[in-house]
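Topology and contacts: notes
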Amino acid sequence: MRTANKAGRLHLITSTGAVDVATASGGRFDADPQKVYARWEEFRAWEQQAELPGGQPFEPAELGSPAPAPAQLVAVGLNYHDHAAETGVTVPEELLTVFGKFTSSISGPHTTVGLPRGNVDWEAELAVVIGTTASHVTEAEAAQHIAGYTAAQDLTERIMQMSGPVPQFGLAKSFCGFTPLGPWLVTPDEIPDPGDLRLTCALNGEIVQDGNTRDLVLPVPVLLARLSQVITLHPGDVILTGTPAGVGWGRKPPRYLAPGDILTTHIDHIGTLTQRFTRTDTAQEAATD
Ligand code: ZN
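Here the structure is a predicted model, which means the values were calculated and not measured.

**Describing the overall build of the protein chain**
Regarding its fold elements, the protein chain presents eight helices and 18 strands. Taken against the 2.2 N^0.38 rule, which gives 19 Å for 289 residues, the C-alpha radius of gyration of the protein chain at 19 Å falls within 12% of a compact globule. C-alpha atoms of the protein chain, sized along the principal axes, occupy 55 × 45 × 30 Å. Counted over contacts in the protein chain with a minimum sequence separation of 6, partners at least 24 positions apart contribute 75%. Of the roughly 12,300 Å² that the protein chain leaves accessible, carbon and sulfur atoms contribute 53%. Mean positive and mean negative side-chain charge positions of the protein chain (19 and 33 charges, respectively) differ by 4 Å.

As structure tokens, then:
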């Protein structure tokens, strides 16, 4: 099953297009795409036996985030061996490098992002959306708490991230539009193996990241089990699972996003995000100072 946020309303994506869930369910399920996760198992059971009308065609630009307002937006750093190597860090596998992103940074899959001053970098990531509350779960239990998967960008301004007395991940990764998610949520039964998903990121058509989730330091079930020992994961929470090698600051010389750039993020069996970058008004003012 695929669910999407089309024009702010929950839709099922079928072979013919998008079906409005609130309408098709006779009002049983709310139109708000975030609210469905609180009733995920009930929703899945309904969807499996529902007689759906034909889907309506839609434009990619109509899509918003499949989880637009999670209670928690958790992100994991240094979770691919090759990315850790390019940042010069040795990863102790018993530790988690975890930070929160602010949920106001979430956007839909196809957007224009205003670049703040600084060095804005890309990080293509697999995102997990939680379907049922997970607290102190084992690796074996973790899969049953997953609603589905979506693609993510963890855009980051590197100067703010690294130049303080201690690194400041959360703020530097939470500028407006810095967490595009989408293009829809794909349930686990539609993904042959979440531990073998190719993810790529292209800058103006040139592939800059080409990774696979088989290279995750902590695969998704391990990640959820470890996180749930500390925080309770709620339905609709989003977890970004880390990025593979090829980010801008790991390059020699480093390379960052510029106005006019187009960033294309793709995960097999899930779909594609497209971000176009412009200057923000404040950056324009600064440039003409
Ligand atoms: Zn990241």
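**Points about the domain arrangement of the protein chain**
The domain boundaries assigned to the protein chain delineate domain 1 (2–58) and domain 2 (73–287). Each of domain 1 and domain 2 was reduced to a C-alpha centroid, and the two centroids are 26 Å apart. Contacts between the two partners involve 11 residues from domain 1, matched on the other side by 16 residues from domain 2. Put simply, domain 1 and domain 2 have two salt bridges between them. Here Arg-44 ties to Asp-189 by a salt bridge, and the two come within 3.3 Å at their closest N and O atoms. Put simply, domain 1 and domain 2 have five residue pairs in polar contact (both at pLDDT 80 or more) between them. Looking at the side of domain 1 that touches domain 2, the elements with two or more residues in it are strand 1 (2–6) and helix 2 (40–49). Looking at side-chain class alone, the side of domain 1 that touches domain 2 contains six nonpolar, two polar and three charged residues.

**Considerations on the coordination of the zinc ion**
Only Glu-123 (OE), Glu-125 (OE) and Asp-154 (OD) from the protein coordinate the zinc ion, and they sit 1.9 to 2.1 Å from it. The sequence pattern formed by the donor residues of the zinc ion is E-x1-E-x28-D. Here the residue Glu-125 occupies a position in strand 10 (residues 124–130), and Asp-154 occupies one in the loop between strand 11 (146–153) and strand 12 (156–157), the gap between them amounting to 29 residues. For the pair formed by Glu-125 and Asp-154, the shared burial category is buried.

**Side note on the environment of Leu-12**
By the secondary structure assignment, Leu-12 is in strand 2 (residues 9–14). C-alpha of Leu-12 to C-alpha of Val-91: the two residues are 79 residues apart in sequence and 40 Å apart in space. For Leu-12, the residues in contact, after removing those within four places along its chain, are Met-1, Arg-2, Thr-3, Gly-17, Ala-18, Val-19, Val-21, Phe-43, Trp-46, Glu-47 and Leu-52.

**What to know about the pairing of strand 14 (residues 198–203)**
Across the six residues that make up strand 14, a large majority, five, are buried. Connecting strand 14 to the next strand, strand 15 (residues 206–212), in antiparallel fashion are two residues, including Asn-204 with a positive phi near 50 degrees. Pairing between strand 14 and strand 17 (residues 262–267): five bridges, direction antiparallel. Of the residues in strand 17, the one forming a bridge with Leu-203 is Leu-263.

**Details of the sheet that holds strand 18 (residues 271–279)**
Spatially, 8-18-17-14-15 is the arrangement adopted by the five strands of the open sheet, whose pairing is mixed. On the outer flanks of this sheet lie strand 8 (110–115) and strand 15, each paired with one strand and no other. The average undirected angle you get between the axes of adjacent strands in this sheet is 20 degrees.

Rules used throughout
- Sequence order as written defines the numbering, with residues in each chain counted from 1.
- In keeping with the predicted nature of the model, local features appear solely for residues at pLDDT of at least 70, side-chain atom pairs appear and are counted solely at 80 or more, and the whole-chain, interface and lining totals rest on all residues.
- Each side-chain value is worked out from all heavy atoms of the structure, with water and hydrogens disregarded.
- Secondary structure is summarised from DSSP: a helix means a run of H or I of at least four residues, a strand means a run of E of at least two, and numbering begins at the N terminus for each.
- Atoms considered for the radius of gyration are the C-alpha atoms alone. The globule rule reads 2.2 Å times the number of residues to the power 0.38.
- Throughout, a residue-residue contact means that at least one pair of heavy atoms, one from each residue, lies within 4.5 Å.
- In these tables, accessible area is a Shrake-Rupley quantity obtained with a 1.4 Å probe, and a residue counts as shielded only by the protein chains included in the view.
- His is not counted here, nor are the chain ends, while Lys and Arg score as positive and Asp and Glu score as negative.
- The atom standing in for a charge is NZ when the residue is Lys, CZ when it is Arg, CG when it is Asp and CD when it is Glu.
- Where each domain starts and ends follows an automatic or database-derived domain assignment.
- Any carboxyl oxygen of Asp or Glu that lies within 4 Å of a side-chain nitrogen of Lys or Arg is treated as forming a salt bridge with it.
- Pairs of N or O atoms are called polar contacts if they sit within 3.5 Å, as long as, within protein, a hydrogen donor faces a hydrogen acceptor (for residues adjacent in sequence, only side-chain-to-side-chain pairs).
- Residue type decides the class: Asp, Glu, Lys and Arg count as charged, Ala, Val, Leu, Ile, Met, Phe, Trp, Tyr, Cys and Pro as nonpolar, and the leftover types, Gly among them, as polar.
- Note: metal donors comprise N, O and S atoms at 2.8 Å or less from the metal (3.2 Å for Na, K and Ca); water molecules are not included, so apparent gaps in a site are possible.
- Burial classification: accessible surface area is computed with a 1.4 Å probe over protein chains only, and a residue below 20% of its type maximum counts as buried, one above 50% as exposed, and the rest as partly exposed.
- Strand pairing follows a simple DSSP-based rule, namely that at least 2 bridges must link the two strands.
- Helix axes are fitted to C-alpha atoms over the stretch in contact, other axes to C-alpha atoms as well, and angles between N-to-C directions run from 0 to 180 degrees.

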